[in-house]
Amino acid sequence: MIMYAECEFFVPSAHSLKEKRAVLQRMITRTKQKYNVSIAEIDHQDVWQRTLLALVSVASSQQAAEKELGRAIAFLESNPDWQCLNIQREFL
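K.L.:
How would you explain the nonpolar core if you had to name every residue and give the values?
P.N.:
Grouped together as the largest cluster of nonpolar side chains are 22 residues, with contacts concentrated most on Leu 53, Leu 55, Leu 69, Leu 76 and Trp 82. Those elements that provide at least two residues to this core are strand 1 (2-10), helix 1 (17-34), strand 3 (50-58) and helix 2 (62-77). The biggest single contributor to this core is helix 2, with six residues. Non-local contacts of Leu 76, meaning those with residues more than four positions away in its chain, are made with Phe 9, Met 27, Thr 31, Ile 39, Leu 53, Leu 55 and Trp 82.

So this is what it looks like as structure tokens:
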């Protein structure tokens, strides 16, 4: 089972693309290390206070994919450096 999610974040502390990328790269690296998901920035690369991340989890069952992706999203939402604006999830 494949589960896909898009998470949009607002980074109020970023005052340049360099500051946004520092926050973003730290969270992407930690998420990849802690959870069995693929993650990448898919939009707003040239905007300094917004980002859109895509996450994908592949597992043998729907529940396992949903659980792993849910844990990764909860980890991303726990970062005090940004605010979650929107999350969309779907099974492929």
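Now that the structure is up, let's keep going.
K.L.:
Outline the packing of aromatic side chains, supporting the account with residue identities and numerical values.
P.N.:
Evaluation of the coordinates by the stated rule reveals two aromatic pairs. With centroids separated by 4.3 Å and ring planes inclined at 15°, the aromatic side chains of Phe 9 and Trp 82 adopt a geometry described as stacked. Here Phe 9, found in strand 1, pairs with Trp 82, found in the loop between helix 2 and strand 4 (83-91); they are 73 residues apart in sequence, far enough to count as distant. By relative accessible area, which is 0% here, Phe 9 ends up buried. Relative accessible area serves as the criterion here: at 5%, Trp 82 is assigned to the buried category. For the ring pair Tyr 35 and Phe 75, a centre distance of 5.8 Å and an interplane angle of 50° mean the geometry is tilted.

K.L.:
Could you give an account of the sheet that holds strand 2 (residues 38-43), naming the residues involved and the relevant values?
P.N.:
Across the sheet, which stays open at both edges, the four strands sit in the order 2-3-1-4 with antiparallel pairing between neighbours. With one partner strand each, in any of the chains shown, strand 2 and strand 4 form the two edges of the open sheet. Strand-to-strand, the axes of this sheet are offset by a mean angle of 20°, without reference to chain direction. Looking at chain direction, strand 1 and strand 4 are connected through eight bridges and run antiparallel. Paired with Cys 7 across the bridge in strand 4 is Ile 87. Along the sheet, helix 2 makes contact with strand 1, strand 2, strand 3 and strand 4, crossing strand 1 at roughly 15°.

What counts, and at which threshold
- Residues numbered from 1 in each chain as written.
- Predicted model: local features only at pLDDT ≥ 70, side-chain atom pairs only at ≥ 80, totals over all residues.
- Heavy atoms only, no water.
- Core = buried A, V, L, I, M, F, W, Y, C linked by side-chain atoms within 4.5 Å.
- Buried < 20%, exposed > 50% of the residue type's maximum accessible area, 1.4 Å probe, protein only.
- Helix = DSSP H or I, 4+ residues; strand = E, 2+ residues; numbered from the N terminus.
- Contact = heavy atoms within 4.5 Å.
- Phe/Tyr/Trp six-rings, centres within 6.5 Å; stacked < 30°, edge-to-face > 60°.
- Pairing = 2+ DSSP bridges.
- Axes fitted to C-alpha atoms, helices over the stretch in contact; angles between N-to-C directions.

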